[in-house]
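Single-letter residue listing:
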Amino acid sequence: ASEEAFKPDSVTPALSGGMGHNSPNLLWEACGSNSLFSLLLPSPHFSPCVRAQMGDRKVDQNGPMRVLVTGGTGLVGRAIEHVVKEEGGAREGEEWIFLSSKDANLMDMGETRAVFQKHQPTHIIHLAAMVGGLFKNMRANLDFWRNNIYINDNVLQAAHEVDAVRVVSCLSTCIFPDKTTYPIDETMIHNGPPHESNYGYAYAKRMIDVHNRAYHQKHGRCYTAVIPTNVFGPHDNFNIEDGHVLPGLIHKAYIAQKEGSPLVVWGSGTPRRQFIYSLDLAHLFLWVLREYHEVDPIILSVGEEDEVSIKEAAEAVVEALGFKGQVTYDTTKSDGQFKKTASNAKLLQHHPNFTFTPFKQALKQTCDWFVANYDNARK
Amino acid sequence: MMDSQTKAEPMRVLVTGGSGLVGKAIEHVVKQEGGCLEGEQWTFLSSKEANLVDLQQTRAVFEKYRPTHVIHLAAKVGGLYLHMKENLHFLRDNLRINDNVLQTSHERGVTKVVSCLSSCIFPDKTTYPIDESMIHNGPPHDSNFGYSHAKRMIDIQNRGYFAQHGRHYTAVIPTNVYGPYDNFNFENGHVLSALMHKTYAAKKEGTPLQVWGSGTPRRQFIYSLDVARLFLWVLREYDEIDPIILSVGEEEELPIKDAVEMIADALDFKGQIVFDTSKSDGQMKKTASNAKLRRYLPDFTFTPLSEGIKKTCDWFVNNYDIART
């Protein structure tokens, strides 16, 4: 029952047959003289990656990938695992390892190196982070900054040391400048301070992009990052205090329904968000890992026209759970950022045929999963 | 929140990077200009004693000296050309040094930490003059993005330590510092010190003085002893978490070319001066406002640039053998 939620009614066409049958290492492109090419590059961090450094590799150029997924048991990690194991996302001979914090504390350099040495990955999907919803961030900006800086620096350096070809890290649209024009796009990440509520997390995540550019400049590494908007789905953290907005609402509505009490939504309900289903994000992560060759990051999101208010999201949760009680808005609680509208133009340019799961359908699947897995869900 | 210092106790000040350009200047003010108050203990750390990139070594040196206050100057630093090659190294090492020092200070209840930023970390695309509120308003200049991002994070950490733990950790933002005990290396030193060394060498060898770049970029230069005196004032009297720029006024900004002429004067160099325009100029300007400093200290007098350059050149000539070249 727990896997039912992941069975999409519509298969995303681009991944069902469009990946090609070449060597899985589509990233290896011959371009003649590697060193001459890099001399010609005017501005290293805007250039696409060509040949990555070979170094002292354990896997030859045409060998299969060994992919390490940090944060593998989280919201996005579980979705990637599903796509890899249940939807043919993995190719012949590939190895996929899903790490959890039990396997290694990535805030510790020694443990990080050890787990990388153990698995010798050629590719890394780096999802591990200290994360939380609005209220948790507001309480602990310092901790969010410190812990995430350590995790990210350790992972990128350990990846470099084992000569990993690619690292795809995970940023978030909540790290963008607060005072900005809309829609925000990938070029705007560092254009001003982030929202005050989560500046610690935001600066730490932004630093991944700085690291990626520096590794490319110094070592020719093609380490990059994706920038999802608000992700939701099964296996999320449904804790009401610390979780993100949708799982928080789902959990609250579930309890309100059980206890016959009103659903109290924190904030005014007016802030707007673009929500992306974890399964869609997982498909896109695999595409980025295999096909996206830039060091500059890429936003992974539904379009601007699909932005909804928290109120609309709450109503969709109510519908999905069949909640019949009263819905109230506690305006004494913070709203967080009013909007973070992101452009997915770059994604559509690279990947024009990608189809997102419709919001209400994805939400229903998530609610069904939560109800069926209430006892084991993280809350 | 535990403090390492009781009200009656005099300060025990640890100066990280104590043997560098600014550290030596602070040491001079403390020991030769009465900068040290009765009963105070001042320790000037160098990297020989502890590698602050390493947490254990940082903890050990804090355990040894038990500071109540920290002036945090230690960093991986360099001039334009070194930065352009080593952004990754500057990013990673400075992030570690700063976190080790700030976190260890917090764990030990250090009352106050004054860290050192730089005007080179400000946004590249900006209006002028830049001021303290603008640090994070856009990406830094590309030439030293690694160093800049790492240094900016000191300000973020200061805010975090205050919000979560009530710590009064702050930072100063000097413009281009120069003086005795600088790094005078041609390739890795900052502009004035590298130029002094080059002029000295050109005079000795009877060759032209080769200045890298066009000579047109503009800078505000501040003499290390002035920075040191101001550091002591910040340590004792400046209570904000937000940083403060330490600089001469905007009207003192001048092109590299003018500074080259002052150096030639100071060293009595009579040879030809050539500008190698194939070399990078770095940022054209980074004009910083010292209005905040002036509000607090309207009467502070800066050492005139030609005088500071003369003193530094004299020091360099007299100490050539021990100078970092």
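Shown above is the structure to which this text applies.
Note that the structure is a prediction, hence the values are computed from the model and not measured. (Residues numbered from 1 in each chain as written. Chains lettered and ligands numbered in written order. Predicted model: local features only at pLDDT ≥ 70, side-chain atom pairs only at ≥ 80, totals over all residues. Heavy atoms only, no water.)

1. A few points about empty space enclosed by the protein
Then comes step 1: Here the structure, examined in full by the defined rule, presents nine cavities of 30 Å³ or more.
Then comes step 2: Here the largest cavity defines a volume of roughly 90 Å³.
Then comes step 3: Around the largest cavity, the lining residues are H190(A), Y203(A), R206(A), M207(A), V210(A), H136(B), H149(B), R152(B) and M153(B).
Then comes step 4: Looking at the lining of the largest cavity, the elements that each hand over two or more residues are helix 7 (199-219) of chain A together with helix 5 (145-165) of chain B. (1 Å grid on protein atoms, 1.4 Å probe; cavity = no way out; pocket = protein on both sides within 12 Å on 5 of 7 lines; lining within 4 Å. Points joined across faces, edges and corners; volume = space filled by probe spheres on them. Helix = DSSP H or I, 4+ residues; strand = E, 2+ residues; numbered from the N terminus.)

2. Thoughts on the pattern of salt bridges
Then comes step 1: With the rule as written, the count across this model stands at 34 salt bridges over all chains.
Then comes step 2: For D142(B), the salt bridge goes to R213(A), with nearest N and O atoms at 3.2 Å. Here D142(B) is found in the loop between strand 4 (112-116) and helix 5, whereas its partner R213(A) is found in helix 7 on a different chain.
Then comes step 3: For D142(B), a relative accessible area of 33% puts it in the partly exposed group.
Then comes step 4: For R213(A), a relative accessible area of 9% translates into the label buried.
Then comes step 5: Between E107(B) and R59(B) there is a salt bridge, with the nearest N and O atoms lying 3.4 Å from each other. (Salt bridge = Lys/Arg side-chain N within 4 Å of Asp/Glu carboxyl O. Buried < 20%, exposed > 50% of the residue type's maximum accessible area, 1.4 Å probe, protein only.)

3. Observations concerning the sheet that holds strand 10 (residues 244-246) of chain B
All names here are of chain B.
Then comes step 1: As summarised here, the arrangement of the six strands in space is 2-1-3-4-5-10, forming an open sheet in which the pairing is parallel. Strand pairing shows two members of the sheet lacking a second neighbour, strand 2 (41-44) and strand 10, which therefore form its edges. Pairs of neighbouring strands in the sheet enclose a mean axial angle of 20°, with direction left out of account.
Then comes step 2: Bridge analysis of strand 1 (residues 12-16) against strand 2 gives four bridges, and the strand direction is parallel. By the bridge assignment for strand 2, V13 is matched with W42.
Then comes step 3: Its contacts with the sheet put helix 1 (residues 21-32) on strand 2 and strand 3 (69-72), and the angle it makes with strand 2 is roughly 155°. (Pairing = 2+ DSSP bridges. Axes fitted to C-alpha atoms, helices over the stretch in contact; angles between N-to-C directions. Contact = heavy atoms within 4.5 Å.)

4. Quick word on the interface of chain A and chain B
Bring the parts together and some accessible area is lost; that lost area is often taken as the interface size.
Then comes step 1: Contact with chain A, which involves 30 residues of that partner, is made by 28 residues of chain B.
Then comes step 2: Together chain A and chain B conceal approximately 2,600 Å² of surface at their shared face, both sides included; 57% is due to carbon and sulfur atoms.
Then comes step 3: Summed over the three residues of chain A that lose the most area to chain B, namely L142(A), W145(A) and Y199(A), the buried surface amounts to 22% of that side.
Then comes step 4: Taken together, the links from chain A to chain B amount to 13 residue pairs in polar contact (both at pLDDT 80 or more). (Buried area = accessible area lost by both parts, 1.4 Å probe. Polar contact = N/O pair within 3.5 Å; in protein donor to acceptor, adjacent residues only side chain to side chain.)

5. Description of the pairing of strand 7 (residues 209-212) of chain B
Residue and element names in this part refer to chain B.
Then comes step 1: Burial along strand 7 is one-sided: the face carrying L209 and V211 is buried and the face carrying Q210 and W212 is not.
Then comes step 2: Note: strand 7 against strand 12 (residues 273-276), four bridges, orientation parallel. Bridging across to strand 12, Q210 finds its partner in V274.

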